[in-house]
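Here is how the chains run, residue by residue.
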Amino acid sequence: MIKIVEGDLLAGSEYLIGHQVNCQGAMGSGIAKQIRARYPQVYDSYAAYCRAQKPEQLLGDCQFVEADNRIVANLFGQLHYGRQAKRYTDYEALSRALRTFKEYAQETGAACALPYMIGCGLANGEWHVVENRLQDIFSDYPLTLYRYGG
């Protein structure tokens, strides 16, 4: 039940949006940087959440933060971050976080959205792996993926 649309995740109408974050408290690149700029309270909550726990304890978690008229979910799918040519996305952790994200959407009846190729840009995940997990997790609940072209 996945729909792919062209556009900006932050300009979408979905009440619940999510993005992958690292467990180090850094939101300095990609969609995370855009979310930090648009919704500073999301970054503030995320940074405090990271300071309160050991990074390894955060892996696979999902933090929900109110931001204006929506909820932003920080999906802890990578322990570290960097620019090395290695995979930072932990597929199992991302899957756990995505299941929590979906459960919240189901419980609240919220329309939900994620960035297209979540975990596959700067975090170097392989899209076919992540896409298969998304298809499995969201087989019974609608999800919109935003593919940003600009």
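Residues numbered from 1 in each chain as written. Predicted model: local features only at pLDDT ≥ 70, side-chain atom pairs only at ≥ 80, totals over all residues. Heavy atoms only, no water.

**Q** Just give me the short version of the overall build of the chain, but keep the residues and values in it.
**A** Looking only at helices and strands, one finds 5 helices and 6 strands in the chain. The N-to-C order of helical and strand elements in the chain reads β-β-α-α-α-β-β-α-β-α-β. Expressed as a percentage of the 150 residues in the chain, the buried residues total 47%. Of the accessible surface of the chain, which amounts to about 7,400 Å², a share of 46% is contributed by carbon and sulfur atoms. (Helix = DSSP H or I, 4+ residues; strand = E, 2+ residues; numbered from the N terminus. Buried < 20%, exposed > 50% of the residue type's maximum accessible area, 1.4 Å probe, protein only. Areas by Shrake-Rupley, 256 points an atom, 1.4 Å probe, with all protein chains shown as cover.)

**Q** Summarise the nonpolar core; cite the residues concerned and give the values.
**A** The biggest cluster of nonpolar side chains holds 25 residues, and the ones touching the most others in it are Leu75, Phe101, Leu114 and Leu134. Among the secondary structure elements, those contributing two or more residues to this core are strand E4 (70-78), helix H4 (91-108), strand E5 (112-115), helix H5 (127-137) and strand E6 (143-147). Tallying contributions element by element places H4 first for this core, with 6 residues. Phe101 has contacts with Leu16, Ile17, Gly18, Cys62, Phe64, Ala73, Leu75, Cys112, Ala113, Leu114, Phe138 and Leu143, leaving out every residue within four places of it along the chain. Tyr39, Ala47, Val65 and Val72 belong to the second largest nonpolar core, which has 23 residues in total. (Core = buried A, V, L, I, M, F, W, Y, C linked by side-chain atoms within 4.5 Å. Contact = heavy atoms within 4.5 Å.)

**Q** Account for the pattern of salt bridges, with residues named and values stated.
**A** What the rule picks out here adds up to 3 salt bridges. Ionic pairing is found between Arg147 and Glu6, a salt bridge with its closest N-O pair at 2.8 Å. Linking Arg147 in strand E6 with Glu6 in strand E1 (residues 2-6), this pair joins segments that are 141 residues apart in sequence. For Glu6, a relative accessible area of 55% translates into the label exposed. Here Asp140 ties to Lys102 by a salt bridge, and the two come within 2.7 Å at their closest N and O atoms. One end of the pair, Asp140, is in the loop between H5 and E6; the other, Lys102, is in helix H4, with 38 residues separating them in the sequence. (Salt bridge = Lys/Arg side-chain N within 4 Å of Asp/Glu carboxyl O.)

**Q** Describe in detail the packing of aromatic side chains, supporting the description with residues and values.
**A** Any aromatic ring pair is given by two values, namely how distant the centres are and how the planes are angled relative to each other. If you walk through the whole model with that rule in mind, you get 6 aromatic pairs. Between Tyr49 and Phe76, the aromatic rings sit 5.8 Å apart at their centres with planes inclined by 40°, giving tilted as the arrangement. With Tyr49 in helix H2 (residues 40-51) and Phe76 in strand E4, this residue pair connects regions lying 27 residues apart in the sequence. With a relative accessible area of 0%, Phe76 lands in the buried category. Among the aromatic residues, those joined into a cluster by ring pairs are Tyr43, Tyr46, Tyr49 and Phe76. Against the face of Tyr43 rests Arg36, its NZ or CZ located 3.7 Å from the ring centre. Seen from the ring of Tyr116, Arg147 lies directly overhead, with NZ or CZ sitting 4.7 Å from the centre. (Phe/Tyr/Trp six-rings, centres within 6.5 Å; stacked < 30°, edge-to-face > 60°. Lys NZ or Arg CZ within 6 Å of the ring centre and 35° of its normal.)

**Q** Go over the sheet that holds E6 with me, naming the residues and quoting the values.
**A** Neighbouring strands of a sheet are bound in pairs by backbone hydrogen bonds; such pairs are parallel or else antiparallel. Across the sheet, which stays open at both edges, the 6 strands sit in the order E1-E6-E5-E2-E4-E3 with mixed pairing between neighbours. Edge positions in the open sheet fall to E1 and strand E3 (62-67), since each of these has one partner strand only. Taken over all neighbouring pairs, the strand axes of this sheet differ in orientation by 30° on average, direction set aside. Here 2 bridges tie strand E2 (residues 16-22) to E5, and the two strands are oriented parallel to one another. Note that in E5 the partner of Ile17 across the bridge is Ala113. Sitting on the sheet, H4 is in contact with E2, E3, E4, E5 and E6, with an inclination near 160° to E4. (Pairing = 2+ DSSP bridges. Axes fitted to C-alpha atoms, helices over the stretch in contact; angles between N-to-C directions.)

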